[in-house]
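# Structural overview
This is what each chain is made of:
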Amino acid sequence: MDFFSTLMGDLERMRTSRPLVLNITNYVVANSNANALLALGASPAMTHFADDLEELTLFAGALVINIGTPSRELLDGVFHAGTVAKQNGIPAVLDPVAAGATTVRTEASYRFLKECSPAVVRGNASEIMALAGVGATSKGADSTRSADEAVDSARDVARMFQCAVSVSGATDYITDGSRTLTVQGGHEMMPLVTGLGCTATALTGAFLCVAQDSLTAATEAMAVMSTAGSMAAEKAGGPGTLQLYFYDALYNLTLDDLRRHVIVEEV
Amino acid sequence: MDFFSTLMGDLERMRTSRPLVLNITNYVVANSNANALLALGASPAMTHFADDLEELTLFAGALVINIGTPSRELLDGVFHAGTVAKQNGIPAVLDPVAAGATTVRTEASYRFLKECSPAVVRGNASEIMALAGVGATSKGADSTRSADEAVDSARDVARMFQCAVSVSGATDYITDGSRTLTVQGGHEMMPLVTGLGCTATALTGAFLCVAQDSLTAATEAMAVMSTAGSMAAEKAGGPGTLQLYFYDALYNLTLDDLRRHVIVEEV
Amino acid sequence: MDFFSTLMGDLERMRTSRPLVLNITNYVVANSNANALLALGASPAMTHFADDLEELTLFAGALVINIGTPSRELLDGVFHAGTVAKQNGIPAVLDPVAAGATTVRTEASYRFLKECSPAVVRGNASEIMALAGVGATSKGADSTRSADEAVDSARDVARMFQCAVSVSGATDYITDGSRTLTVQGGHEMMPLVTGLGCTATALTGAFLCVAQDSLTAATEAMAVMSTAGSMAAEKAGGPGTLQLYFYDALYNLTLDDLRRHVIVEEV
């Protein structure tokens, strides 16, 4: 079966079963990520409260960890939920927001990789290069590097932590250390909607509930992001309307849309 | 006077006086609930800071409590504000988000019902059944039951805590334990916008500032939700645009819109 | 060079250099302010975590402080970042949300003015009058006074703390204590979108990265707000769609749009 047919099968299974995706995420994107997960076909829960996490993690099909607005309390929640998820075989995806820009973010990301063994890391080029230790500098949440520059770093991180690594950019690169796939599509206005990278991470979590393996889940998420972004850009007058049409596109997305808007290749 | 005329009188009084509705709510929906309250005709304030709450509560026409993203600090604020509101005769509405799914949420909801005597509880079927102790299980913030199954539980909770109970679903049920009203309308895409249930709770708070009693306020809020949802769905291409057209509809809503889109009956 | 040409020069420099604007802001508007900054041409970062702030502040072109949802942790972050910014000559803008409504907000605003010497204070009339000590009462985040009433207070605050003061309203007033400018434009629906005042503060931060002085930066931000608001209102069916078209307008804004939609005068 070709990639897009597999993707649609996974998506249809998601839309039917509406798996719970538990998000410990930043307050900037909590609303938009919940909307994206609902529009796609999952059931989101957002929390970081210690007293909540054990029970909610056990209901979850996948755990999404995003350190965009860290606090002591949030980081405690991250490692608590990550440990419960690992012990119970629930796959996790890590978004190492602004790793490389501040020490606390870099260290928290490494610690999560080591202790909680996420199935996928999804970041921008600066973040993935920082995790590979190639000294990429980052000034904040936006990448200062292109995804093409980060491919070797992505493979290194994938091998070092035995996970899939998904680098978003004009072309997305997804690798498990041996196989590497690219996703081409999307639109240049997408980085001007705050948190669309975080949304890619959340959707990766949703596909981890239904896909056969981590590399497939991560690639499916990026293919859906690019397709919905392209569909939205056809109607949008700017990044404001782009965001809303993007959710509409997630909701309406079909096999034809995938074939028309995105190219997925192994490289 | 018929229900819709009463509603429009209350809404016009709200639009003129713009009562302060104080929200201690989760960070997922803080923005969307503030937008909904502004579009409808109220003046929202969102906080959970202990040092803020006494002064702000005394300015408020109603208090909205939503435990969607709990923390120790937020729960402290909830009970502090709830106590000040009760002592000063300011009506409160409770949204027991994911009660039944985790212990801390169930217990916090019960404690608020007992100590702070809210005028209304607004929840989905799973949450209301959990509060009635009928052992409904819930896997997160989305209901696993239909509102029809929760009517008896709603009456039980209303009698036990002497409040109105509002259960949202395809048909909404609102009861004070003796009288029970239904609201039919809305659209199946509404649950795919995150926090529209929380918005129903916020609008219930707004109507508590102007309506003659709690049952009326809770019913007016659900009638407005369904009407605005139906109006928005006529134009929306998916849940993304639905949310924005929903706020536009709240802002533009007229007596004719109510009559055209919603049925309110006593059962 | 006339004001609008200077503004467009500053805006083009911003769109090219995409300066980092660091926001310690409330969770109600974090998402919408990040979207506004991205659409305009800046790179936003949102945090309030002590361990993050020193490193991120040093990357920043400007610091935006908004006390809309205070907490002990957030206020600690505010003064920490404010001190680092002052020591390193990074300009800051303060939004004293609901100063005058609660003691903690009034006191935190004064303390920031005294200790951290912001380049600009951006508030509504109630807030600025409260800071001038003229006993304006406020019931929450929405102003109970018109901007016209607050002009003398704005000049007093500007002289007292040697900063520019920007008062938003139907007409905006921006003063450095000696010169006073007005911005006319915008639309009456704008106050019905939550956090557009906070957005004005964030955009002031963005212009502080590129403008020649604080008075100019503050005036440029208000001129852009009014222009984008007017452009959005031409297409919007209510405050819901207004918000999205507003971001689209920020993204597309040209010199012609400024000339057509806004009047800037010295008074």
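Reference entry: report on the structure contained in this document. (Residues numbered from 1 in each chain as written. Chains lettered and ligands numbered in written order. Predicted model: local features only at pLDDT ≥ 70, side-chain atom pairs only at ≥ 80, totals over all residues. Heavy atoms only, no water.)

## Quick word on the overall build of chain A
Secondary structure assignment for chain A yields 11 helices and nine strands. A principal-axis box enclosing the C-alpha atoms of chain A has dimensions of 45 × 40 × 35 Å. Of the contacts made within chain A by residues no fewer than 6 positions apart, 70% connect residues no fewer than 24 positions apart. Total accessible area computed for chain A in this model is approximately 8,400 Å², and 48% of it derives from carbon and sulfur atoms. The averaged location of the 29 negative side-chain charges in chain A is 2 Å from the averaged location of its 17 positive side-chain charges. (Helix = DSSP H or I, 4+ residues; strand = E, 2+ residues; numbered from the N terminus. Contact = heavy atoms within 4.5 Å. Areas by Shrake-Rupley, 256 points an atom, 1.4 Å probe, with all protein chains shown as cover. Lys, Arg positive; Asp, Glu negative; His and termini not counted. Charge placed at Lys NZ, Arg CZ, Asp CG, Glu CD.)

## As for the relation of the copies chain C and chain A
By a simple turn and slide, chain C fits onto chain A: the slide is 0.0 Å along the axis, the RMSD is 0.0 Å, and the turn is 120 degrees. Each copy turns onto its partner about a three-fold axis. Considering only C-alpha atoms, the part of chain C nearest the rotation axis is tyrosine 27 of chain C, at 3.5 Å. Interface overlap between copies: only 7% of the residues of chain C at the interface are likewise at the interface in chain A, consistent with a contact formed by different surfaces. (Least-squares fit on C-alpha atoms with pLDDT ≥ 70 in both.)

## Structural notes on unusual backbone geometry
Keep in mind that most residues, glycine aside, have a negative phi and that most peptide bonds are trans. The phi dihedral of arginine 18 of chain A is positive, around 40 degrees, even though this residue is not glycine. We classify arginine 18 of chain A as partly exposed; its relative accessible area is 26%. Non-glycine residue serine 117 of chain B carries a positive phi angle of around 45 degrees. With respect to the helices and strands, serine 117 of chain B occurs in the loop between helix H5 (103–116) and strand S5 (120–124). (Buried < 20%, exposed > 50% of the residue type's maximum accessible area, 1.4 Å probe, protein only.)

## Description of helix H1 (residues 3–17) of chain C
Since the α-helix packs 3.6 residues into each turn, any two residues three or four apart lie on the same face. All names here are of chain C. Counted at 1.5 Å a residue, the expected span for H1 with its 15 residues is 21 Å, and the 21 Å between its end C-alpha atoms agrees. Residues of H1 that are buried sit in contact with helix H2 (30–40), helix H8 (196–208), helix H9 (214–235), helix H11 (255–261) and strand S9 (263–266). Arginine 18 sits one or two positions beyond H1 and adopts a positive phi of about 40 degrees. (Expected span 1.5 Å × (residues − 1).)

## Let's talk about the interface of chain C and chain A
Facing the 30 residues of chain C at the interface are 31 residues of chain A. When chain C packs against chain A, close to 2,500 Å² is buried across both sides, 55% of that on carbon and sulfur atoms. Remark: the boundary between chain C and chain A carries two salt bridges. Among the ionic pairs, arginine 72 of chain A bridges to aspartate 51 of chain C, the shortest N-O distance being 2.5 Å. The interface formed by chain C and chain A contains 12 residue pairs in polar contact (both at pLDDT 80 or more). Contributions of two or more residues to the side of chain C that touches chain A are made by H2, strand S2 (43–46), helix H3 (50–59) and helix H10 (239–252) of chain C. Grouping the constituent residues of the side of chain C that touches chain A by class yields 16 nonpolar, eight polar and six charged. (Buried area = accessible area lost by both parts, 1.4 Å probe. Salt bridge = Lys/Arg side-chain N within 4 Å of Asp/Glu carboxyl O. Polar contact = N/O pair within 3.5 Å; in protein donor to acceptor, adjacent residues only side chain to side chain. Nonpolar A, V, L, I, M, F, W, Y, C, P; charged D, E, K, R; others polar.)

## Points about the state of the cysteines
By the definition in use, this model includes zero disulfides over all chains. Here cysteine 163 of chain A stays unpaired: no disulfide links it, and the sulfur of cysteine 116 of chain A, its closest cysteine neighbor, is 12 Å away. With no disulfide of its own, cysteine 198 of chain B has cysteine 163 of chain B as its nearest cysteine by sulfur position, at a separation of 18 Å. (Disulfide = S-S within 2.5 Å.)

## Let's talk about the interface of chain C and chain B
Contacts between the two partners involve 31 residues from chain C and, on the opposite side, 29 residues from chain B. Both sides of the chain C and chain B interface together cover about 2,500 Å² of buried area, and 55% of this is carbon and sulfur. If you look at where chain C meets chain B, you find two salt bridges. Our count for the chain C to chain B interface comes out at 12 residue pairs in polar contact (both at pLDDT 80 or more). Listing elements by their share of the side of chain C that touches chain B, those giving two or more residues are helix H4 (72–87), helix H5 (103–116) and H10 of chain C. The element that contributes the greatest number of residues to the side of chain C that touches chain B is H10 of chain C, accounting for five residues. Among the residues forming the side of chain C that touches chain B, the class breakdown is 13 nonpolar, 14 polar and four charged.

## Here's the deal with the side chain of arginine 122 of chain C
Residue and element names in this part refer to chain C. Within the secondary structure, arginine 122 is located in strand S5 (residues 120–124). Arginine 122 sits in the buried class, given a relative accessible area of 3%. Within the local environment of arginine 122, its side chain forms a polar contact with the side chain of serine 168, the two groups lying 2.5 Å apart. Beyond its immediate sequence surroundings of up to four residues, arginine 122 is in contact with Val93, Leu94, Asp95, Pro96, Ser166, Ser168, Gly197, Cys198, Ala200, Thr201, Thr204 and Met222.

## What to know about the sheet that holds strand S6 (residues 164–168) of chain A
Residues and elements named next belong to chain A. Read across the open sheet, the nine strands follow the order S2-S1-S3-S4-S5-S6-S7-S8-S9; overall the sheet is mixed. Of all the strands in the sheet, just strand S2 (43–46) and strand S9 (263–266) have a single pairing partner and so form its edges. Ignoring which end each strand starts from, the neighbouring axes of this sheet average 20 degrees apart. Docked against the sheet, helix H8 (residues 196–208) engages strand S1 (20–24), strand S3 (62–66), strand S4 (92–95) and strand S5 (120–124), running at close to 170 degrees with respect to S4. Relative to the sheet, helix H9 (residues 214–235) contacts S5, S6, strand S7 (171–175), strand S8 (180–184) and S9, its axis offset from that of S7 by approximately 170 degrees. (Pairing = 2+ DSSP bridges. Axes fitted to C-alpha atoms, helices over the stretch in contact; angles between N-to-C directions.)

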